[in-house]
Amino acid sequence: MTRLCVGLTGGIGSGKSTVAELFGELGAAVIDTDAISHELTKPNGQAMPGIRSAFGDRFMDPSGALDRSKMRHLIIADASAKVRLEHILHPMILDACKKKMQEPAPYHMLMAPLLLEAPDFLKLVDRVLLIDCTEQHQIDRVMQRSSLSEAEIRAIIALQLPRAERIRHADDIIENNGTREDLIPSIAALHRRYANFVDNHLTTD
């Protein structure tokens with residue numbers, strides 16, 4: 001049986017979680033790499049021994065979980081720290097994604113912010129769905145949901161793949177410069193296409 005895996009990606013504050021939630025309500029099996037990462041870096045999480053060894057105890061919070069604020073500041077200041085952290089986390093996240101993709105579903109949607117920058121993850125997907133918006137919308141959304149300053153958000157955006165590059169690599173694009181309700185028609189249309197992928201694929205073979 002032919003299975004479809006759609007890679008859902010976009011910059012910080014683009015609205016990936018909202019879009020994934022709406023696809024999930026329609027029946028997509030959403031695999032959230034951020035959620036997997038949080039599970040791996042919680043107290044006694046599988047990734048914590050490697051992180052402690054690579055970065056030291058000061059990057060753990062009092063509960064024994066990864067101190068994400070300290071790690072975020074380190075990554076902004078030192079690009080090599082990002083590479084070291086990904087070297088620890090990515091193999092574990094990749095393994096978890098592969099296991100979840102074996103579960104039956106109309107299609108799977110792999111939500112990965114760094115999808116286009118991580119070849120091993122990109123190999124898992126058949127199509128790339130980009131959630132796109134203006135940089136100002138990114139900044140406004142992140143400031144509404146977090147305590148990050150505009151300068152911190154801009155620094156994170158600068159570390160991510162440029163918007164033009166994301167657009168160039170996308171198979172499908174959803175513009176998210178409006179409300180949640182504005183997203184529904186585009187998501188419904190893409191869901192129908194993705195859900196019918198197997199039948200269409202077999203018909204055209």
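Residues numbered from 1 in each chain as written. Predicted model: local features only at pLDDT ≥ 70, side-chain atom pairs only at ≥ 80, totals over all residues. Heavy atoms only, no water.

1. Focus on the packing of helix α1 (residues 16-26) against helix α10 (residues 180-195)
Heads up, the rule is: Between N-to-C directions, angles cover 0 to 180 degrees, with each direction set by a line fitted to C-alpha atoms, over the stretch in contact for helices. Secondary structure counts use DSSP, requiring at least four H or I residues in a row for a helix and at least two E residues in a row for a strand, with both numbered from the N terminus. Orientation is classified from the angle alone, with under 35 degrees giving roughly parallel, over 145 giving roughly antiparallel, 65 to 115 giving roughly perpendicular, and any other angle giving oblique. Should the near helix be turned anticlockwise from the far one by less than a right angle, the crossing is termed left-handed; should it be turned clockwise, right-handed. For this analysis, residues touch if any pair of their heavy atoms sits within 4.5 Å. In this classification, the charged set is Asp, Glu, Lys and Arg, the nonpolar set is Ala, Val, Leu, Ile, Met, Phe, Trp, Tyr, Cys and Pro, and all remaining amino acids, among them Gly, are polar.
For the pair α1 and α10, the least separation of the axes is 10 Å and the interaxial angle reads 50°. On the basis of the axis angle, α1 is oblique to α10. Like other packed secondary-structure pairs, α1 and α10 cross with a definite hand, here right-handed. Residues T18, V19, E21, L22, F23, E25 and L26 of α1 touch α10, and the partners they reach there are R180, L183, I187, A188, L190, H191 and Y194. Along the lines of polarity and charge, the residues of the contact of α1 with α10 split into 9 nonpolar, 2 polar and 3 charged.

2. Let's talk about the environment of D57
What counts, and what does not: The classification of residues rests on relative accessible area computed with a 1.4 Å probe and restricted to protein chains. Under 20% of the type maximum is buried, over 50% is exposed, and intermediate values are partly exposed.
Turning to its location among the elements, D57 is positioned in the loop between α3 (48-55) and α4 (68-77). Relative accessible area serves as the criterion here: at 54%, D57 is assigned to the exposed category. Spatially, the C-alpha atom of D57 lies 9.7 Å from that of D67, the residues being 10 residues apart in sequence.

3. Quick notes on the pattern of salt bridges
The condition is simple: Salt bridges are defined by distance alone: a side-chain nitrogen of Lys or Arg within 4 Å of a carboxyl oxygen of Asp or Glu.
Summed over all chains, the structure comprises 13 salt bridges. Linking K99 and D95 is a salt bridge whose minimum nitrogen-to-oxygen distance equals 3.4 Å. With a gap of 4 residues between them, K99 and D95 both fall in helix α5 (residues 79-100), about one helical turn apart. Judged by its relative accessible area of 56%, K99 is exposed. Of the charged contacts, one joins D172 and R127 as a salt bridge, the two residues approaching to 2.9 Å between their closest N and O atoms. Separated by 45 residues along the polypeptide, D172 in strand β5 (residues 172-175) and R127 in strand β4 (residues 127-132) bring together distant segments of the chain. One network of salt bridges, with partners in common, ties together E21, E25 and R180.

Shape is all these values report; function is a separate question.
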